[in-house]
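Residues per chain, in single letters:
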Amino acid sequence: MEKNPSVSLRVGAGAHQGLVREENQDRISRIQSPCGELFIVADGMGGHEGGATAAQMLIDGLTEHLRAVPPEMPPDEALRQATERANADIFRRARGSDPRLARMGATGVLALVQGSTAWIAHAGDSRAYLWRDGQLTRLTRDHTLVQRMVDHQMLNEEEARHHPDAHVVTRSFGQRAEIEMEIAPALELLDGDRLLLCSDGLSGLVEDAAIARVLTEQSDAQAATEALIDLALRAGGSDNISVQLIAVQTDAEERPAAVPVAQEPHRGLPGALLWVPLILVLVLAGFMLPWRSWLAPAAEPQPSVREPAAPGEVVPQVPQPPATGPNATGPDATDPYAAPSAPETGPPPGEVPLGTDFVETEPIGTPPPRDGGRP
Ligand code: CA
């Protein structure tokens, strides 16, 4: 009879407001549920007040709904049910009486880990990566306008990063009554694997190759997390930055053959047809509006636009230390899972909340390795 390997996780977690934004609208969380341990990175959208509320509602809703599912429910089904309910909560609230919350939403990436198996789910442009055998693989495909253009080979990754529509997401929590959550097939975790969850404050500013270098050089999960945040700050820190790094240790005597990781499907047009969109892009470069309407299916709501740094805002050249870790300062400097005071009770519109503090949702910091596999 085959024995399941016992698995322990070492988790690095960190969040930083960045160097430009007036508040942190990202939220991160780590929760226990009947169907496994859930790691979340949520990134709020919808302007002041709304974005932070939506991200916090996503964390709270997933926590509540995932803990309520019957333990016998398959994890991917539980994840789907919890995300649908959390989405409905945000959607309802966004259409309530509070105008400050109108059109709020959040992108989210989740990793549900049960024993040596992980389920990755996402909506929007928060990402999951797998680090295995010295290779970094992206596990999620951004739900963004520019990703569609990359898929159609109209842009390359670098052009997409700097594109004026880089902030336009086509799928997120709270934007529609029903969410189209993308849940990847179960991923069998191997000894030495590391799962990275991050908001676009990291992946939008730092190239995958640079992320991979940090993971090569830093074996400690928390040290690697802080190094990644530092990298985003050095790249300008123009957005909130959130990172969770989950390092897997198993007692498996023999490392099983690597399972194939979901590769980005090739969706390019065949042969000579490739030239048609490329030429059209060149001709219509100055007329993005028609492209948007063509690229965004009529059935989807208006894509949500994140708030880019305000024009004229000065990006400081000297990075600040991350909000977490040994160099951290401030009241919640050692608590990466702590969140700002509840957005509902925040200052009135127009007032800038101070500080980078977070509300705690779960135990803090780097937990000791858990021994023994989970049921
Ligand atoms: Ca963001």
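Residues numbered from 1 in each chain as written. Predicted model: local features only at pLDDT ≥ 70, side-chain atom pairs only at ≥ 80, totals over all residues. Heavy atoms only, no water.

1. Digging into the overall build of the chain
Helix and strand counts for the chain stand at nine helices and 13 strands. In the chain, which comprises 375 residues, the proportion classed as buried is 53%. When the accessible surface of the chain is totalled, it reaches about 17000 Å², and 56% of it is carbon and sulfur. (Helix = DSSP H or I, 4+ residues; strand = E, 2+ residues; numbered from the N terminus. Buried < 20%, exposed > 50% of the residue type's maximum accessible area, 1.4 Å probe, protein only. Areas by Shrake-Rupley, 256 points an atom, 1.4 Å probe, with all protein chains shown as cover.)

2. A short note on the layout of surface pockets
The volume enclosed by the largest pocket comes to roughly 540 Å³. Contributing to the lining of the largest pocket are 24 residues, with A160, R161, A166, G204 and L205 lying nearest its centre. In terms of residue count, helix 4 (residues 157–162) provides more of the lining of the largest pocket than any other element does, four residues in total. Along the lines of polarity and charge, the residues of the lining of the largest pocket split into seven nonpolar, eight polar and nine charged. (1 Å grid on protein atoms, 1.4 Å probe; cavity = no way out; pocket = protein on both sides within 12 Å on 5 of 7 lines; lining within 4 Å. Points joined across faces, edges and corners; volume = space filled by probe spheres on them. Nonpolar A, V, L, I, M, F, W, Y, C, P; charged D, E, K, R; others polar.)

3. Notes on the coordination of the calcium ion
Looking at the calcium ion, the protein donor atoms are D43 (OD), D43 (OD), D200 (OD) and D239 (OD), and they sit 2.3 to 3.2 Å from it. Taken in chain order, the donor set of the calcium ion reads D-x156-D-x38-D. Residue D43 is located in strand 3 (residues 36–45), and its partner D200 is located in helix 5 (residues 200–203); the two are separated by 157 residues in the primary sequence. Residue D43 shares its accessibility class with D200, and that shared class is buried. (Donors = N, O, S within 2.8 Å, 3.2 Å for Na, K, Ca; no water.)

4. A closer look at unusual backbone geometry
Of note, the phi angle at R103 is positive, near 65°, even though the residue is not glycine. With respect to the secondary-structure elements, R103 resides in the loop between helix 2 (75–94) and strand 4 (105–114). Of note, the phi angle at Q153 is positive, near 55°, even though the residue is not glycine. With respect to the secondary-structure elements, Q153 resides in the loop between helix 3 (145–151) and helix 4.

5. Let's talk about the nonpolar core
Core analysis: the biggest nonpolar cluster contains 32 residues, and L38, L58, L62, L79, L110 and M181 have the highest contact counts within it. If you list the elements that add at least two residues to this core, you get strand 3, helix 1 (50–68), helix 2, strand 4 and strand 5 (117–123). Among the elements that make up this core, the one with the highest residue count is helix 1 (seven residues). Every residue in contact with L58, bar those within four places of it in the chain, is listed here: A42, A86, I90, A106, T107, G108 and F173. V113, A118, I246 and V248 belong to the second-largest nonpolar core, a separate cluster that totals 23 residues. (Core = buried A, V, L, I, M, F, W, Y, C linked by side-chain atoms within 4.5 Å. Contact = heavy atoms within 4.5 Å.)

6. Here's the deal with the environment of S6
Within the secondary structure, S6 is located in the segment before strand 1 (7–16). Its relative accessible area of 19% is what places S6 among the buried residues. Separated by 246 residues in sequence, S6 and A252 have C-alpha atoms that sit 7.2 Å apart.

7. Brief notes about the environment of G51
Assignment of secondary structure puts G51 in helix 1. The class for G51 is buried, based on a relative accessible area of 0%. Separated by 51 residues in sequence, G51 and A102 place their C-alpha atoms 9.9 Å apart. The contacts of G51, once residues within four sequence positions are left out, are Q25, G44, M45, G46 and G105.

8. Structural notes on the confidence of the model for the chain
On average, residues of the chain score 78 in pLDDT, and 67% of them are at 70 or above. Of the regions scoring below 50 in pLDDT, residues 309–333 engages in 43 contacts with residues more than four places distant in sequence or in other chains. Note on residues 342–375: pLDDT is under 50 here. Beyond four places in sequence and across chains, it has 92 contacts. (pLDDT = per-residue confidence, 0-100.)

9. What to know about the packing of helix 1 against helix 2
Running from amino to carboxyl end, helix 1 crosses helix 2 at an angle of 140°, the nearest separation of the two axes being 8 Å. As judged from the angle between their axes, helix 1 and helix 2 are oblique. Both helix 1 and helix 2 take part in a crossing whose hand is right-handed. In contact with T53, A54, M57, L58, G61, L62, H65 and L66 of helix 1, helix 2 contributes A78, L79, A82, T83, R85, A86, D89, I90 and R93. (Axes fitted to C-alpha atoms, helices over the stretch in contact; angles between N-to-C directions. Parallel < 35°, antiparallel > 145°, perpendicular 65-115°, else oblique. Left-handed = near helix turned anticlockwise from the far one by under 90°.)

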